[in-house]
Amino acid sequence: MPTPTPNPRSPGWSLRNGVLRVQTGDSYCEFTRAAGGFPSRIGFSDRRSPVWRDGSPMLTAKTRDGRSALPFLPEFSPAIRRADGAQHVAFHNVGWRTQDGALLAPLRLSLDYEFHGDGVVFVTTYFCTQDCRPRPLRDFALQASLALSPGEEANWAYWALPRQPAGQMTQDLNRYFERNLTRSDARRKEGTILPFVSFDFG
């Protein structure tokens, strides 16, 4: 039986000095503990400067009394595995705390990244709590400010989550899905979860 030829574009990773770097195709993504399970740097091999660089989490929320809340990692121990040709990186048991350091102990977040050799990356996010009491988190915001050079663009797309089962969405997809939105096309969805948001850089 012939020996399979390694795919030169297969995702790879390294962990040095508290920085996890995942290389996938012509792009790379780095993670640190300070970013709370979110990327701290995103860039491309042919570009001197990264398109994203921030040491804090992309995701924020507010407590009922208006304080900002951020995800944080009690320790930096990503779960790394390969499956179906993709590199998976997961951060489990991500905690929440307010900016003044108060822990929101029962609340947890998990992030599961899936890196493919062609540069495509998916992330699945789970929100959970360790008890059944209502939790005072609101106004979730995902903020990704890209540093683009003149002439570069990054479009985005999203799926909206229907408030109840909606079989008709397969016939009326435009009500729930938009793509190729530019940086000036803002969308505000009050009280709605957007389970799929994607960015297309090029």
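Residues numbered from 1 in each chain as written. Predicted model: local features only at pLDDT ≥ 70, side-chain atom pairs only at ≥ 80, totals over all residues. Heavy atoms only, no water.

A. Seen up close, a nonpolar patch on the surface. Taken together, the side chains of Val-120, Phe-122 and Phe-196 present a nonpolar region at the surface, about 230 Å² in accessible area. Relative to the helices and strands, Val-120 resides in the loop between strand 10 (107-115) and strand 11 (121-129). (Patch = residues over 30% accessible without salt bridge, like charges linked within 9 Å, V, L, I, M, F, W, Y side chains within 5 Å. Areas by Shrake-Rupley, 256 points an atom, 1.4 Å probe, with all protein chains shown as cover. Salt bridge = Lys/Arg side-chain N within 4 Å of Asp/Glu carboxyl O. Helix = DSSP H or I, 4+ residues; strand = E, 2+ residues; numbered from the N terminus.)

B. Molecular detail of the side chain of Ser-14. Residue placement: Ser-14 occurs in strand 1 (residues 12-16). Classification of Ser-14 by relative accessible area gives buried; the value is 18%. A polar atom in the side chain of Ser-14 sits 3.4 Å from the side chain of Arg-16. When near neighbours in sequence (up to four residues on either side) are disregarded, Ser-14 contacts Val-19, Leu-20 and Arg-21. (Buried < 20%, exposed > 50% of the residue type's maximum accessible area, 1.4 Å probe, protein only. Polar contact = N/O pair within 3.5 Å; in protein donor to acceptor, adjacent residues only side chain to side chain. Contact = heavy atoms within 4.5 Å.)

C. Examining the pattern of salt bridges more closely. The final tally for this structure, using the stated rule, is 5 salt bridges. Among the salt bridges present, the one from Asp-139 reaches Arg-138, with a minimum N-O distance of 2.4 Å. Sharing partners across several salt bridges, the network here consists of Arg-21, Glu-30 and Arg-41.

D. Broad picture of the pairing of strand 2 (residues 19-24). Only one face of strand 2 is covered, namely the one carrying Leu-20, Val-22 and Thr-24; the face carrying Val-19, Arg-21 and Gln-23 has none of its residues buried. Inspection of the sheet shows strand 1 paired to strand 2 by 5 bridges, in the antiparallel sense. When the bridges of strand 2 are listed, Gly-12 appears paired with Gln-23. The turn joining strand 1 and strand 2, which pair antiparallel and follow one another in sequence, is formed by 2 residues; a positive phi near 50 degrees is taken by Asn-17. With 5 bridges joining them, strand 2 and strand 3 (residues 27-31) adopt antiparallel strand pairing. Bridged to Thr-24 within strand 3 is Ser-27. Where strand 2 folds back on strand 3, the antiparallel hairpin that results is connected by 2 residues, among which Gly-25 adopts a positive phi of roughly 65 degrees. (Pairing = 2+ DSSP bridges.)

E. The arrangement of the packing of aromatic side chains in detail. Applying the stated criterion to the full structure yields 8 aromatic pairs. With a centroid separation of 6.2 Å and 20 degrees between ring planes, the pair formed by Tyr-113 and Phe-115 is classed as stacked. Of the two residues examined, Tyr-113 and Phe-115, each falls in the buried class. One aromatic cluster is present, formed by Phe-31, Phe-76, Phe-91, Tyr-113 and Phe-115 through successive ring pairs. If you follow Arg-21 out to its NZ or CZ, it ends over the ring of Tyr-28, 3.9 Å from the centre. For Arg-97, the ring lying beneath its charged end belongs to Phe-72, and the centroid distance is 4.4 Å. (Phe/Tyr/Trp six-rings, centres within 6.5 Å; stacked < 30°, edge-to-face > 60°. Lys NZ or Arg CZ within 6 Å of the ring centre and 35° of its normal.)

Purely spatial values, then, with no claim about function.
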